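Below, each chain spelled out in residue letters.
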Amino acid sequence: TTVDIGAAGYVAADLELANLVATGNITVGDSHFIGDDSFDNLLLQSATGENVVIEAPTGNLIDLKTSGSSTLQLDSSQNATFAGDVSLGTSLIFNVTGTQSNITSAANNLNLNTTGNGKQVVIRANNANGTNRTFITASGTTEAVTLFHASNTRLVTTSTGIDVTGGVLIDGNTDTSTAFL
(Lines give C-alpha, C1' and ligand atoms only; values in the text may rest on other atoms or scores of the structure.)
Protein backbone atom coordinates (compact mmCIF):
# COMPACT_ATOMS: atom_id res chain seq x y z
CA THR A 1 0.00 0.00 0.00
CA THR A 2 1.25 3.47 -0.87
CA VAL A 3 0.30 6.60 1.08
CA ASP A 4 0.89 9.81 -0.84
CA ILE A 5 1.70 12.82 1.32
CA GLY A 6 1.11 15.86 -0.84
CA ALA A 7 3.46 18.73 -1.62
CA ALA A 8 2.15 20.68 1.38
CA GLY A 9 3.40 17.88 3.65
CA TYR A 10 0.09 16.47 4.81
CA VAL A 11 -2.74 14.20 3.71
CA ALA A 12 -6.32 15.41 3.45
CA ALA A 13 -7.39 13.36 6.48
CA ASP A 14 -5.53 12.40 9.65
CA LEU A 15 -3.20 9.50 9.14
CA GLU A 16 -2.72 7.16 12.07
CA LEU A 17 -0.44 4.16 11.88
CA ALA A 18 -0.40 1.68 14.72
CA ASN A 19 2.77 0.03 13.44
CA LEU A 20 4.76 1.09 10.43
CA VAL A 21 7.19 -1.38 8.98
CA ALA A 22 9.15 -0.02 6.07
CA THR A 23 10.94 -2.68 4.09
CA GLY A 24 12.74 -0.05 2.06
CA ASN A 25 13.84 3.53 2.51
CA ILE A 26 11.55 6.42 3.40
CA THR A 27 11.83 9.71 1.54
CA VAL A 28 10.34 12.76 3.23
CA GLY A 29 9.72 16.17 1.66
CA ASP A 30 12.31 17.24 -0.89
CA SER A 31 14.53 14.14 -0.75
CA HIS A 32 15.17 13.88 2.98
CA PHE A 33 15.98 10.26 3.64
CA ILE A 34 15.44 7.72 6.43
CA GLY A 35 16.93 4.31 5.84
CA ASP A 36 20.00 2.12 6.17
CA ASP A 37 23.58 3.19 5.54
CA SER A 38 26.09 0.87 3.90
CA PHE A 39 26.78 -0.81 7.28
CA ASP A 40 23.08 -1.46 8.05
CA ASN A 41 22.89 1.41 10.59
CA LEU A 42 19.99 3.85 10.80
CA LEU A 43 20.67 6.82 8.53
CA LEU A 44 18.90 10.19 8.77
CA GLN A 45 20.06 12.26 5.83
CA SER A 46 18.90 15.67 4.70
CA ALA A 47 18.50 16.72 1.13
CA THR A 48 21.64 18.16 -0.46
CA GLY A 49 22.53 21.56 1.01
CA GLU A 50 20.13 21.27 3.95
CA ASN A 51 20.68 20.56 7.66
CA VAL A 52 19.44 17.77 9.88
CA VAL A 53 17.64 19.37 12.84
CA ILE A 54 16.80 17.57 16.07
CA GLU A 55 14.63 19.80 18.23
CA ALA A 56 13.14 19.28 21.67
CA PRO A 57 10.32 21.45 23.05
CA THR A 58 11.43 24.35 25.28
CA GLY A 59 12.53 23.11 28.69
CA ASN A 60 13.16 19.56 27.48
CA LEU A 61 16.44 18.00 26.53
CA ILE A 62 17.78 15.91 23.70
CA ASP A 63 19.01 12.63 25.12
CA LEU A 64 21.21 10.37 23.00
CA LYS A 65 21.47 6.86 24.40
CA THR A 66 23.36 3.65 23.78
CA SER A 67 22.10 0.39 25.28
CA GLY A 68 19.40 2.38 27.11
CA SER A 69 21.85 4.62 28.99
CA SER A 70 22.33 8.34 28.35
CA THR A 71 25.63 9.09 26.62
CA LEU A 72 24.98 12.73 25.68
CA GLN A 73 22.33 15.15 26.88
CA LEU A 74 21.81 18.62 25.43
CA ASP A 75 19.56 20.91 27.44
CA SER A 76 17.67 24.09 26.56
CA SER A 77 20.43 26.22 28.15
CA GLN A 78 22.91 24.80 25.60
CA ASN A 79 24.74 22.71 28.20
CA ALA A 80 26.11 19.35 27.09
CA THR A 81 26.48 16.50 29.58
CA PHE A 82 28.59 13.53 28.53
CA ALA A 83 28.47 10.21 30.37
CA GLY A 84 32.08 9.33 29.54
CA ASP A 85 35.25 10.90 28.23
CA VAL A 86 35.06 13.61 25.58
CA SER A 87 37.54 13.07 22.78
CA LEU A 88 38.38 15.63 20.12
CA GLY A 89 39.78 13.67 17.24
CA THR A 90 42.28 11.09 18.39
CA SER A 91 44.52 13.34 20.44
CA LEU A 92 42.65 15.39 23.05
CA ILE A 93 40.54 13.79 25.79
CA PHE A 94 38.55 15.49 28.59
CA ASN A 95 37.17 13.51 31.51
CA VAL A 96 35.91 14.07 35.03
CA THR A 97 35.97 11.34 37.68
CA GLY A 98 34.60 12.31 41.09
CA THR A 99 36.64 15.32 42.18
CA GLN A 100 39.34 14.91 39.52
CA SER A 101 39.30 16.53 36.07
CA ASN A 102 41.73 15.55 33.34
CA ILE A 103 42.75 16.95 29.98
CA THR A 104 44.98 14.51 28.13
CA SER A 105 46.67 15.02 24.78
CA ALA A 106 47.68 11.57 23.61
CA ALA A 107 49.50 12.98 20.57
CA ASN A 108 51.69 15.24 22.73
CA ASN A 109 51.89 12.97 25.81
CA LEU A 110 50.58 15.76 28.03
CA ASN A 111 48.25 15.43 31.01
CA LEU A 112 46.72 18.32 32.96
CA ASN A 113 44.54 17.38 35.91
CA THR A 114 42.95 18.87 38.99
CA THR A 115 42.62 16.84 42.16
CA GLY A 116 40.90 17.20 45.53
CA ASN A 117 37.98 19.37 44.45
CA GLY A 118 40.23 21.50 42.26
CA LYS A 119 42.69 22.31 45.03
CA GLN A 120 45.70 21.20 43.02
CA VAL A 121 46.64 21.40 39.36
CA VAL A 122 49.24 18.97 38.03
CA ILE A 123 50.94 19.08 34.63
CA ARG A 124 52.62 15.89 33.46
CA ALA A 125 54.27 14.93 30.20
CA ASN A 126 56.39 12.13 28.84
CA ASN A 127 60.13 12.78 28.76
CA ALA A 128 62.34 11.83 25.80
CA ASN A 129 62.42 8.20 27.02
CA GLY A 130 58.62 8.02 27.18
CA THR A 131 58.49 8.05 31.00
CA ASN A 132 55.57 10.06 32.38
CA ARG A 133 56.95 12.81 34.62
CA THR A 134 55.41 15.56 36.74
CA PHE A 135 56.68 18.97 35.64
CA ILE A 136 54.52 21.48 37.54
CA THR A 137 52.10 21.38 40.48
CA ALA A 138 50.08 24.32 41.76
CA SER A 139 48.28 24.16 45.10
CA GLY A 140 44.99 25.99 45.49
CA THR A 141 45.33 25.68 49.26
CA THR A 142 48.83 27.16 49.78
CA GLU A 143 49.06 28.92 46.40
CA ALA A 144 52.53 27.40 46.02
CA VAL A 145 53.84 26.46 42.58
CA THR A 146 56.40 23.65 42.38
CA LEU A 147 58.64 22.96 39.39
CA PHE A 148 60.21 19.53 38.94
CA HIS A 149 63.13 18.12 36.96
CA ALA A 150 63.21 14.34 36.48
CA SER A 151 60.40 14.14 39.08
CA ASN A 152 62.59 15.87 41.69
CA THR A 153 61.52 19.17 43.26
CA ARG A 154 63.75 21.99 42.04
CA LEU A 155 61.85 25.24 42.72
CA VAL A 156 58.95 26.07 45.04
CA THR A 157 57.25 29.42 45.45
CA THR A 158 56.27 30.23 49.02
CA SER A 159 54.56 33.09 50.81
CA THR A 160 57.99 34.50 51.65
CA GLY A 161 59.92 33.85 48.42
CA ILE A 162 61.38 30.99 46.43
CA ASP A 163 63.01 27.77 47.66
CA VAL A 164 65.54 26.28 45.25
CA THR A 165 67.01 22.78 45.45
CA GLY A 166 70.32 22.46 43.61
CA GLY A 167 72.61 25.01 42.02
CA VAL A 168 71.48 28.39 40.73
CA LEU A 169 72.90 29.81 37.50
CA ILE A 170 72.25 33.50 36.90
CA ASP A 171 72.69 34.66 33.33
CA GLY A 172 72.08 38.38 33.10
CA ASN A 173 71.91 41.11 35.71
CA THR A 174 73.83 40.18 38.86
CA ASP A 175 73.81 43.68 40.35
CA THR A 176 72.36 42.87 43.76
CA SER A 177 71.12 46.41 44.24
CA THR A 178 68.55 45.88 41.45
CA ALA A 179 68.46 42.12 40.81
CA PHE A 180 67.46 41.04 44.31
CA LEU A 181 65.07 43.36 46.07
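Refer to the preceding data block for the structure.
Residues numbered from 1 in each chain as written. Predicted model: local features only at pLDDT ≥ 70, side-chain atom pairs only at ≥ 80, totals over all residues. Heavy atoms only, no water.

A. Representation of a nonpolar patch on the surface in the model. Residues Ile 26, Val 28, Ile 34, Leu 42, Leu 44, Val 52 and Ile 54 make up a contiguous nonpolar surface patch of roughly 620 Å² in combined accessible area. Classification of Leu 42 by relative accessible area gives exposed; the value is 66%. (Patch = residues over 30% accessible without salt bridge, like charges linked within 9 Å, V, L, I, M, F, W, Y side chains within 5 Å. Areas by Shrake-Rupley, 256 points an atom, 1.4 Å probe, with all protein chains shown as cover. Salt bridge = Lys/Arg side-chain N within 4 Å of Asp/Glu carboxyl O. Buried < 20%, exposed > 50% of the residue type's maximum accessible area, 1.4 Å probe, protein only.)

B. A look at the pattern of salt bridges. As enumerated under the stated definition, the model contains one salt bridge in all. The partner of Lys 65 in a salt bridge is Asp 63, with the nearest N and O atoms 3.8 Å apart. Judged by relative accessible area, Asp 63 falls into the partly exposed class, the value being 29%.

C. Looking closely at the sheet that holds strand β4 (residues 62-66). Pairing is antiparallel across the open sheet formed by three strands, whose spatial order is β4-β5-β6. Edge positions in the open sheet fall to β4 and β6 (80-82), since each of these has one partner strand only. Between one strand axis and the next, the sheet turns by 25° as a mean value, whatever way the strands run. Relative to β6, strand β5 (residues 69-74) runs antiparallel, the two sharing three bridges. Bridge pairing in β6 links Gln 73 to Thr 81. (Pairing = 2+ DSSP bridges. Helix = DSSP H or I, 4+ residues; strand = E, 2+ residues; numbered from the N terminus. Axes fitted to C-alpha atoms, helices over the stretch in contact; angles between N-to-C directions.)

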